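Fold and geometry: a report
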Amino acid sequence: MTDIDSIRGKYIVDIAAANDEATLEEVRLAALGKKGEISLIMRALGAMDPQERQTEGARLNLLKDEIDAALRARKAGLADAALDARLKDEWLDVTLPARPLRRGSIHPVSQVMEELTAIFADMGFSVAEGPQVETDWYNFDALNIPPEHPARQEHDTFFMNRAEGDDRPPHVLRTHTSPVQIRAMVDQGAPIRVIAPGRVYRMDMDQTHTPMFHQVEGLAIGRDISMANLKWVLEEFCRAFFEVEEVELRFRASHFPFTEPSAEVDIRYSNVGGQLKIGQGDKWMEILGSGMVHPKVLAAAGVDPTEFQGFAFGMGIDRLAMLKYGIPDLRAFFESDLRWLRHYGFAPLDIPDLAGGLSL
Ligand code: DAH
């Protein structure tokens, strides 16, 4: 007769000693696997006489069940222990304060671009774009500034290099956003109403000049657009942009090659103890150049000057930002100093429109 007790004893000890699932599986195979000890003994039952087989079979079945139960219990125990160990190891203190979320801010130049885009959009202007590396034709010739024109010298232009032996005039870094007027008219024809905010470049550097700065160009061409429309559009823009009830603009006769007549526009302001106030006071500050688009400019862009006319203007965006938000030094705009950006930067979506003013 099989020594059930000693087999049982042996496996119970092995099961208790198995400290991980792999070892436990080895014990199971040794006892109950196809070639396991207990399985082999059970297979031998067939050779016994019926009487013996009955008692021996029952005892072996019992043994098998016992070992099986012990294996299962041990397996569950090991899993519990593993979970306990993980829980001890991987704890998390949910009461700790969260890490601070460092939020970026909107640069004043981007903010002002968003603001003026929203305001002009309310007046039916869409946004046009052009390249920053521009041909001299778009930057000058098409704007009625031929090669010998003195305005070319005044622009302090950055020129790109041409390959040796290439005699074509060099491309330039655009010195103003005015070439986008030409590109927009060439693309869309007339009538047209666009603004073109963007970067421009001139070789100039002091407290109020940086070699790269920003302008916004405005262009409105139709069959009967006049200086009166220009005046209204600019007044309406200044009211919304500076968020004041009343603004007063002064048009001063001036000269630009691409407009006839031309006007520089000043805005009334006061300066009390360094505090600038727009719309009141006894001072005037120049904010933009403007005029009726020169017939030659319309013609260069493929628009018939006998059928169409309209106005254009160009403003410095950085100037607008300094004025509106009281920022003293232009150079700080482009130094990427985080303290400056946090101080002067904006939260997203602080954008005024014609009706609402600055939404906070
Ligand atoms: N492009 C001129 C500049 O950079 C500004 C300007 C003046 C633009 C009059 C215009 C305009 O569209 O009509 O100084």
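Shown above is the structure to which this text applies.
Quick look at the structure, then. Treat the numbers as computed from the prediction; the structure is a model and nothing was measured.

We now examine the overall build of the chain. Per the secondary structure count, the chain includes twelve helices and ten strands. What you see for the chain is a C-alpha radius of gyration of 42 Å, clearly larger than the 21 Å of a compact globule of 360 residues, by over 25%. Structurally, the chain occupies a C-alpha span of about 125 × 60 × 40 Å along its principal axes. Looking at the chain as a whole, 41% of its 360 residues qualify as buried. Partitioning the contacts of the chain with sequence separation of at least 6, the portion at a separation of at least 24 is 64%. Only carbon and sulfur atoms are counted for the fraction: they give 53% of the accessible area of the chain, which is about 20,500 Å².

In the vicinity of the ligand there are 15 residues, among which His-176, Ser-178, Arg-202, Gln-215 and Glu-217 approach most closely. The separation between an oxygen atom of the ligand and a polar side-chain atom of Arg-202 is 2.9 Å. Between an oxygen atom of the ligand and a side-chain N or O atom of Glu-217, the distance comes to 2.5 Å. For the shell around the ligand, the class distribution of residues is four nonpolar, nine polar and two charged.

Right, let's get into the environment of Val-194. You can see Val-194 is positioned in strand β4 (residues 192-201). Along the primary structure Val-194 and Phe-258 are separated by 64 residues, whereas in three dimensions their C-alpha atoms are 17 Å apart. With near-sequence residues (within four places) excluded, Val-194 lies in contact with Phe-125, Ser-126, Ala-128, Ala-184, Gln-188, Glu-217, Gly-218 and Leu-219.

Turning our attention to the packing of helix α2 (residues 21-32) against helix α4 (residues 50-89). The geometry of a pair of packed helices is captured by two quantities: the angle between their axes and the separation between those axes. Where α2 contacts α4, the axes come no closer than 11 Å and their chain directions differ by 175°. Judged by the angle between their axes, α2 and α4 are roughly antiparallel. Contact with α2, carried on its side by Glu-21, Leu-24, Arg-28, Ala-31 and Leu-32, involves Lys-64, Ile-67, Asp-68, Leu-71, Arg-74, Lys-75 and Leu-78 of α4 and no other residues of that element.

With respect to the secondary-structure elements, Ile-67 resides in helix α4. Taking relative accessible area as the criterion, Ile-67 reaches 0% and is therefore assigned buried. Sequence separation between Ile-67 and Met-212 is 145 residues; the distance between their C-alpha atoms is 84 Å. With residues up to four places along the chain from it excluded, the contact list for Ile-67 reads Arg-8, Tyr-11, Ile-12, Ile-15, Ala-31, Leu-32 and Ile-38.

With that settled, consider α2. Between its terminal C-alpha atoms α2 stretches 16 Å, which fits the 16 Å expected from twelve residues at 1.5 Å a residue. For α2, the set of buried residues is Leu-24, Val-27, Ala-31 and Leu-32. End-on, the buried residues of α2 take up no more than an arc of 95°, which puts them together on one face. Relative to its buried face, α2 has exposed residues pointing more than 90 degrees away, namely Ala-22 and Glu-26. Buried residues along α2 sit against α1 (4-17), α3 (37-43) and α4.

On to the pattern of salt bridges, then. Pairing is possible between side chains of opposite charge, provided their charged atoms come close. By the definition in use, this model includes 23 salt bridges. With a shortest N-O distance of 3.4 Å, Arg-86 and Glu-90 are connected by a salt bridge. Of the two residues, Arg-86 and Glu-90, neither departs from the other in class, the shared state being exposed. With a shortest N-O distance of 2.8 Å, Asp-337 and Arg-339 are connected by a salt bridge.

Reading guide: rules and limits
Residues numbered from 1 in each chain as written. Predicted model: local features only at pLDDT ≥ 70, side-chain atom pairs only at ≥ 80, totals over all residues. Heavy atoms only, no water. Helix = DSSP H or I, 4+ residues; strand = E, 2+ residues; numbered from the N terminus. Rg over C-alpha atoms; globule rule 2.2 N^0.38 Å. Buried < 20%, exposed > 50% of the residue type's maximum accessible area, 1.4 Å probe, protein only. Contact = heavy atoms within 4.5 Å. Areas by Shrake-Rupley, 256 points an atom, 1.4 Å probe, with all protein chains shown as cover. Near = heavy atom within 4 Å. Polar contact = N/O pair within 3.5 Å; in protein donor to acceptor, adjacent residues only side chain to side chain. Nonpolar A, V, L, I, M, F, W, Y, C, P; charged D, E, K, R; others polar. Axes fitted to C-alpha atoms, helices over the stretch in contact; angles between N-to-C directions. Parallel < 35°, antiparallel > 145°, perpendicular 65-115°, else oblique. Expected span 1.5 Å × (residues − 1). Arc of directions from axis to C-beta. Salt bridge = Lys/Arg side-chain N within 4 Å of Asp/Glu carboxyl O.

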